[in-house]
Amino acid sequence: MTAADYTFATLTAAHLAEVLALEKDVIDVLPSPDLLRRNSVQMWQRCLCPPHVALGARIGDRLVALAVLYIPQPGDDDLLAQYLLDPALRSQPSANYKICIVHPSHRGHALQQTLGLQLHCQASRLGVQLMCSTVSPRNPASIRSLEKLGYHCDSAIQKYGSERLLYFRLLQ
């Protein structure tokens, strides 16, 4: 199976139950629960509504992967660009590659890469020039995924209750 076997579409608030079920399935099989932080229901509700963009991958009618482009609003504590070491980068119009999760039975089919690239296209259309993301330093799979998407590690920061690595990518 390849990414071509999946259908991709924008998710909305109507998909909240599916999103929560997918998140639970993914977190339940992790060797350590701190590798992926669980989002609150309120955060998922926010991510599934504009201006944010949530993309899902399906096999038939089953949601098996998703990724979120999070567009921080003025005063939003989730503006990751503010933590970058380079002040010149901080001034770029930015968004966050918030999360990408893939059901364990669908890993290895390039879904993280496909969803990430689709989010980058969405971000570019919205005028975003800089993408930021954080990852647990103990999650090598997510680190490799970000690096394959062209992200660079900036620094270690305290965010979301633990140490995270801050990554960034300039969009063309």
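Look a little higher up for the structure.
Residues numbered from 1 in each chain as written. Predicted model: local features only at pLDDT ≥ 70, side-chain atom pairs only at ≥ 80, totals over all residues. Heavy atoms only, no water.

### Here's the deal with the sheet that holds strand S2 (residues 53-59)
Heads up, the rule is: By definition, two strands form a pair when at least two bridges between them are found by DSSP. Only runs of H or I of at least four residues qualify as helices and only runs of E of at least two qualify as strands under DSSP, and these elements are numbered from the N terminus. Note on geometry: axes are C-alpha line fits, over the in-contact stretch for helices, and angles between N-to-C directions span 0 to 180 degrees. Only heavy atoms enter the contact rule, under which two residues are in contact if any of them lie within 4.5 Å.
In spatial order, the strands read S1-S2-S3-S4-S5-S7-S6; together these seven strands make up an open sheet with mixed pairing. Strand pairing shows two members of the sheet lacking a second neighbour, strand S1 (7-11) and strand S6 (152-159), which therefore form its edges. Looking at each pair of strands side by side, their axes are set apart by 30° on average, direction ignored. Pairing of strand S5 (residues 130-135) with strand S7 (residues 162-170) involves six bridges; the strand directions are antiparallel. By the bridge assignment, Val135 is partnered in S7 with Leu165. Helix-sheet contacts for helix H1 (residues 16-28) involve S1, S2, strand S3 (62-70) and strand S4 (94-102), and the interaxial angle to S3 is about 100°.

### Remarks on the pattern of salt bridges
Inclusion rule: For this analysis, a salt bridge means a side-chain nitrogen from Lys or Arg found within 4 Å of a carboxyl oxygen belonging to Asp or Glu. Accessible area is worked out with a 1.4 Å probe on protein chains only. A residue is then buried under 20% of its type maximum, exposed over 50%, and partly exposed in between.
A complete count under the given rule lists five salt bridges for this structure. When the shortest N-O distance is used, the salt bridge between Asp77 and Lys159 registers 3.4 Å. Separated by 82 residues along the polypeptide, Asp77 in the loop between S3 and helix H3 (87-90) and Lys159 in strand S6 bring together distant segments of the chain. A residue is classified by how much of its surface remains accessible, and Asp77, at 54% relative accessible area, is exposed. Ionic pairing is found between Asp78 and Lys98, a salt bridge with its closest N-O pair at 2.9 Å. Placement of Asp78 in the loop between S3 and H3 and of Lys98 in strand S4 is noted, with a sequence separation of 20 residues between them. For Asp78, a relative accessible area of 8% corresponds to the buried category.

### Thoughts on unusual backbone geometry
Here the amide bond leading from Pro50 into Pro51 is cis, since omega sits at 15°, within 30 degrees of zero. Considering the arrangement of structural elements, one finds Pro51 in the loop between helix H2 (41-47) and S2. The phi dihedral of Tyr160 is positive, around 60°, even though this residue is not glycine. Within the secondary structure, Tyr160 sits in the loop between S6 and S7.

### Some points on helix H5 (residues 140-148)
We count it as follows: Here the arc refers to the set of directions running from the helix axis out to each C-beta atom.
All of the buried residues along H5 are Ile143, Ser145 and Leu146. Burial along H5 is one-sided: seen end-on, the buried residues are contained in an arc of 160°. With its phi angle positive at about 90°, Gly150 sits one or two positions after the end of H5.

### Some points on the nonpolar core
As a reminder of what qualifies: What we call a nonpolar core is a set of buried Ala, Val, Leu, Ile, Met, Phe, Trp, Tyr and Cys residues that are connected through their side-chain atoms within 4.5 Å.
Within the largest apolar cluster, 27 residues are counted, with the highest numbers of intra-cluster contacts made by Leu69, Tyr97 and Met131. Elements with a minimum of two residues in this core: S2, S3, S4, helix H4 (111-125), S5, H5 and S7. The contact partners of Tyr97, leaving out residues within four places of it in the chain, are Ala67, Val68, Gln112, Gly116, Leu119, Met131, Cys132, Ser133, Leu146, Leu149 and Tyr151. Membership of the second largest hydrophobic core comes to 18 residues, among which are Leu11, Ile27, Met43 and Leu63.

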